[in-house]
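One-letter residues, chain by chain:
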Amino acid sequence: MTTHVTGARMITLFVLFGYSSGSFRKAILDKHNLHRGNAGLPLLTWNFALATAAQAHTDILTQSGCHLKHSTGDFRSLGQGENLWMTSQKGLTAYKLGFSAAKGWYGEIDRYKYPKNPTDSWSSCVDWKKVGHFTQMMWSTTTKIGCGRGTCSNGKTIVTCHYLAHGNINGQPLFGIDNYKQLIASGEKLARCG
């Protein structure tokens, strides 16, 4: 990469050929699509515009104190969801980093309860703050993802993923009863309300 490339073009080239390429991207997609496939949900595809926005936000987080804080309108336009993850574990390969972030988000399934009435809101009987990463991963109308990663000066690593369309919409279900049944049939344990 040449040194005379600057600004947004540099970020785009970095995302296309740097952090979000190859094994990191594969791990993110593999883990998301394994679980989405088990539920009969549409598989996610990688979106470079989302990855560029996610990388830009990750860069802000890693350069400003290494605190997880969701992005605002500058980096996340309306209609995009976002998951954040941080680890202090050192020496993770790009694949293991992506896999671990997605695994951490999906692990919230243990705290999620599927509504007794499948058309009820996704958050009708759970504390949404404890399951929002899982539900964004599994939101039925989400079809695209793009992620970035970066390391802070304290050695911690942050992963940011942006999703289109966003999930966690109040009053709407996570996914249908057939998806719930298919997920259970795949061997997952997912409690129900009531």
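Structure report, in brief. (Residues numbered from 1 in each chain as written. Predicted model: local features only at pLDDT ≥ 70, side-chain atom pairs only at ≥ 80, totals over all residues. Heavy atoms only, no water.)

## Here's the deal with helix 2 (residues 22–38)
At step 1: With 17 residues, helix 2 should cover 24 Å at 1.5 Å per step; its first-to-last C-alpha distance of 24 Å lies within 8% of that length.
At step 2: Turning to helix 2, its buried residues number three or more, namely Phe24, Ala27, Ile28, Leu29, Lys31, His32, Asn33, His35 and Arg36.
At step 3: Along its buried surface, helix 2 packs onto strand 1 (45–46), helix 4 (94–106), helix 5 (132–138), strand 4 (144–151), strand 5 (157–164) and helix 6 (177–185).
At step 4: At the C-terminal side of helix 2, glycine 40 shows a positive phi close to 75°. (Helix = DSSP H or I, 4+ residues; strand = E, 2+ residues; numbered from the N terminus. Expected span 1.5 Å × (residues − 1). Buried < 20%, exposed > 50% of the residue type's maximum accessible area, 1.4 Å probe, protein only. Contact = heavy atoms within 4.5 Å.)

## So, the sheet that holds strand 2 (residues 80–87)
One key point about sheets: their strands pair by backbone hydrogen bonds, in either a parallel or an antiparallel sense.
At step 1: In space, the 4 strands of this open sheet follow the order 1-4-5-2, with mixed pairing throughout. Every other strand in the sheet has two partners, leaving strand 1 and strand 2 as the edge strands with one partner each.
At step 2: As judged from the 8 bridges shared by strand 4 and strand 5, these two strands associate in the antiparallel manner. The residue bridging cysteine 147 from the neighbouring strand is cysteine 161, located in strand 5.
At step 3: Where helix 3 (residues 48–63) meets the sheet, it contacts strand 1, strand 2, strand 4 and strand 5, and its direction lies at approximately 25° from that of strand 4.
At step 4: Helix-sheet contacts for helix 4 involve strand 2, strand 4 and strand 5, and the interaxial angle to strand 2 is about 115°. (Pairing = 2+ DSSP bridges. Axes fitted to C-alpha atoms, helices over the stretch in contact; angles between N-to-C directions.)

## Here we look at the state of the cysteines
At step 1: For the coordinates displayed, the defined rule picks out 3 disulfides.
At step 2: A sulfur-sulfur distance of 2.0 Å marks the disulfide that ties cysteine 147 to cysteine 161. Since a negative S-S torsion denotes a left-handed disulfide, the cysteine 147-cysteine 161 link at about 105° is right-handed. Of this pair, cysteine 147 sits in strand 4 while cysteine 161 sits in strand 5, and the two are 14 residues apart along the sequence. (Disulfide = S-S within 2.5 Å.)

## A few points about the packing of aromatic side chains
At step 1: The final tally for this structure, using the stated rule, is 6 aromatic pairs.
At step 2: Taken together, a centroid distance of 5.6 Å and an interplanar angle of 50° make the contact between tyrosine 112 and phenylalanine 134 tilted. One end of the pair, tyrosine 112, is in the loop between helix 4 and strand 3 (113–114); the other, phenylalanine 134, is in helix 5, with 22 residues separating them in the sequence.
At step 3: With a relative accessible area of 1%, tyrosine 112 lands in the buried category.
At step 4: Looking at phenylalanine 134, the relative accessible area reads 0%, which means it is buried.
At step 5: Here tyrosine 114 and phenylalanine 175 contribute two aromatic rings whose centre-to-centre distance is 5.6 Å and whose plane-to-plane angle is 20°, an arrangement assigned as stacked. Taken together, the residues span a long stretch of sequence, with tyrosine 114 in strand 3 and phenylalanine 175 in the loop between strand 5 and helix 6 at a distance of 61 residues.
At step 6: The class of tyrosine 114 is buried, set by a relative accessible area of 1%.
At step 7: For phenylalanine 175, a relative accessible area of 1% corresponds to the buried category.
At step 8: Ring pairing ties together the aromatic residues Tyr106, Tyr112 and Phe134, which thus form one cluster. (Phe/Tyr/Trp six-rings, centres within 6.5 Å; stacked < 30°, edge-to-face > 60°.)

## Some points on the pattern of salt bridges
At step 1: For the coordinates displayed, the defined rule picks out 1 salt bridge.
At step 2: A salt bridge links aspartate 30 to lysine 26; the nearest nitrogen and oxygen atoms lie 2.8 Å apart. Here the residue aspartate 30 and the residue lysine 26 both occupy positions in helix 2, the gap between them amounting to 4 residues, near one helical turn. (Salt bridge = Lys/Arg side-chain N within 4 Å of Asp/Glu carboxyl O.)

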